[in-house]
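# Fold and contact review
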Amino acid sequence: MLKLYHGSNVRIECIDLSVGHINKDFGKGFYLTDIKTQADEMAKRKARLFLDAQPIVTTFLFDDKCLKDNSLNVKIFNGVSDEWADFIFQNRRASETGFRHNFDIVIGPVADDGVVMQLDRYELGQITLQQLVEELRYRKLNNQYFFGTEHAIQYLQLL
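Since the structure is predicted, the reported quantities are computational estimates derived from the model, not experimental observations.

If you trace the 3 strands from one edge of the open sheet to the other, you get S1-S3-S7, paired in antiparallel fashion. Looking along the sheet, the strands with just one partner apiece sit at the ends: strand S1 (2-8) and strand S7 (156-158). Each neighbouring strand pair of the sheet contributes to a mean axis angle of 35°, computed without reference to strand direction. Relative to S7, strand S3 (residues 56-62) runs antiparallel, the two sharing 3 bridges. Bridging across to S7, Phe60 finds its partner in Leu158. The strands touched by helix H1 (residues 36-48) are S1 and S3; relative to S1, the strand with the most contacts, the crossing angle is about 15°.

Below is the structure:
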């Protein structure tokens, strides 16, 4: 079992995949991290968007055996790569292109503001995919866990 965190301005009692936003790194779904401080920062950022909101981190236990037993369609990016950069690029343009992957769970680095800037340069044709990956290779990027299906969220237990 792995402890995962979700930072927001509300406590998550029940995961509702329909409220996720399109054009996120790994698509429309529910995002968590295994780094508590990362969730704390996200919660503070979300709380600043709303008046009188409080940052709240909701903790889940994740039965991570499903990552290896083929019960789910899982994609794991072990760091920055051409495939990771292209996957994020495709997901962040999904509202324009209709792109939708079929993974239940995706795990990999977070595309922070610096990454987004580089993705914009790539989209404008200012750099190649290989240059994009090289620009990102030495950034310290935290991992995120994407849960995109009802089947996947059944492996999460609210604490």
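Turning to the environment of Val80, a few remarks are in order. Within the element layout of this structure, Val80 appears in the loop between strand S4 (74-76) and helix H2 (82-92). Taking the relative accessible area as the measure of exposure, Val80 reaches 17% and is therefore buried. Counting along the chain gives 70 residues from Val80 to Val10, while the straight-line C-alpha distance between them is 31 Å.

Rules and cut-offs
- Residues numbered from 1 in each chain as written.
- Predicted model: local features only at pLDDT ≥ 70, side-chain atom pairs only at ≥ 80, totals over all residues.
- Heavy atoms only, no water.
- Pairing = 2+ DSSP bridges.
- Helix = DSSP H or I, 4+ residues; strand = E, 2+ residues; numbered from the N terminus.
- Axes fitted to C-alpha atoms, helices over the stretch in contact; angles between N-to-C directions.
- Contact = heavy atoms within 4.5 Å.
- Buried < 20%, exposed > 50% of the residue type's maximum accessible area, 1.4 Å probe, protein only.

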